[in-house]
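The lines below spell out each chain.
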Amino acid sequence: SGAQDRLRAEILTGGLYESVSMADVQGYINRLRLATTDTERQQLMLEAIRSLLVDGLVVVGDIPGPNDPGFLVWPGGIDEVMAELTDRIIGQWTQPELWDYSTWLDLTQAGRAAAEQARGQ
């Protein structure tokens, strides 16, 4: 969909400079008015992230804390990662402090290449 393509592009562009938090993803959706209801926002977030994972452009993980800049990729395949992400986002939607800055996306090498190519167009 057009909204999903726009969100994917924002995530990739943002990821060129630093890891992208779920708060960032929500901000992209809200700023660009890509969805109007919470259900649409959740669906858009999850579908866009799944598509980026399937395409090998991002990984999902945690950043332990401000004094530990390492990125810890979640173990498992796409389905396991998406199940955990769904639990965090949908299961804790009304408590964003539990997931918005504790769940991150990081570009893969292929993701960086795709973002650079898109930026150059």
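Every chain is numbered independently, its residues counted from 1 as its sequence is written. For a predicted model such as this one, the threshold for reporting local features is a pLDDT of at least 70, and the threshold for listing and counting side-chain atom pairs is 80 or more; totals across whole chains, interfaces and linings nevertheless cover every residue. To obtain the side-chain values, all non-hydrogen atoms of the structure were included, while hydrogens and water were left out.

Colleague: Just to check I follow, could you spell out the overall build of the protein chain for this structure?
Modeller: By definition, any uninterrupted DSSP run of H or I lasting at least four residues is a helix, any uninterrupted run of E lasting at least two residues is a strand, and each is numbered from the N terminus. Along its length, the protein chain carries five helices and four strands. The order of α-helices and β-strands along the protein chain, N terminus first, is α-β-α-α-β-β-α-β-α. A radius of gyration in this sense is built from C-alpha atoms; the matching globule rule multiplies 2.2 Å by the number of residues raised to 0.38. In summary, the protein chain has a C-alpha radius of gyration of 13 Å against a globular reference of 14 Å for 121 residues, a match within 12%. Along the first, second and third principal axes, the C-alpha atoms of the protein chain reach 40 × 35 × 25 Å. By the burial criterion, 42% of the 121 residues in the protein chain qualify as buried. Excluding contacts between residues fewer than 6 apart, the proportion of contacts in the protein chain whose partners are at least 24 apart in sequence is 65%. Note on areas: Shrake-Rupley, 1.4 Å probe, and residue coverage restricted to the protein chains presented here. Here the protein chain has roughly 6600 Å² of accessible surface; of this, 50% comes from carbon and sulfur atoms. Residues counted as positive are Lys and Arg, residues counted as negative are Asp and Glu, and His and the chain ends are not counted. The atom standing in for a charge is NZ when the residue is Lys, CZ when it is Arg, CG when it is Asp and CD when it is Glu. When the 9 positive and 18 negative side-chain charges of the protein chain are each reduced to one mean point, those points stand 8 Å apart. Note on exposure labels: buried denotes an accessible area under 20% of the residue type's maximum, exposed denotes more than 50%, and partly exposed covers the range between, all computed with a 1.4 Å probe on protein chains only. Residues count as neighbours in contact if any of their non-hydrogen atoms are within 4.5 Å of one another.

Colleague: Looking at this model, I keep getting lost on unusual backbone geometry. Mind explaining?
Modeller: Note: most residues except glycine have negative phi, and most peptide bonds are trans. Residues other than glycine seldom take positive phi values, yet R33 does so here, at roughly 55°. Note that R33 resides in the loop between α2 (22-31) and α3 (38-54). Given a relative accessible area of 72%, R33 falls into the exposed group.

Colleague: What is the right way to look at the confidence of the model for the protein chain in this model?
Modeller: In low-pLDDT segments, the atomic positions of the prediction should not be examined closely. One number per residue, pLDDT, summarises how confident the predictor is, and it ranges from 0 to 100. Considering every residue of the protein chain, the mean pLDDT works out to 93; 98% of them sit at 70 or more. The secondary-structure element of the protein chain with the lowest mean pLDDT is helix α5 (residues 109-120), recorded at 90, while α3 shows the highest, at 97.

Colleague: Help me understand the side chain of Q26 in this model?
Modeller: Tracing the backbone shows Q26 in helix α2. Taking relative accessible area as the criterion, Q26 reaches 16% and is therefore assigned buried. Beyond its immediate stretch of four places on either side in the chain, Q26 contacts R41, M45, W93 and W99.

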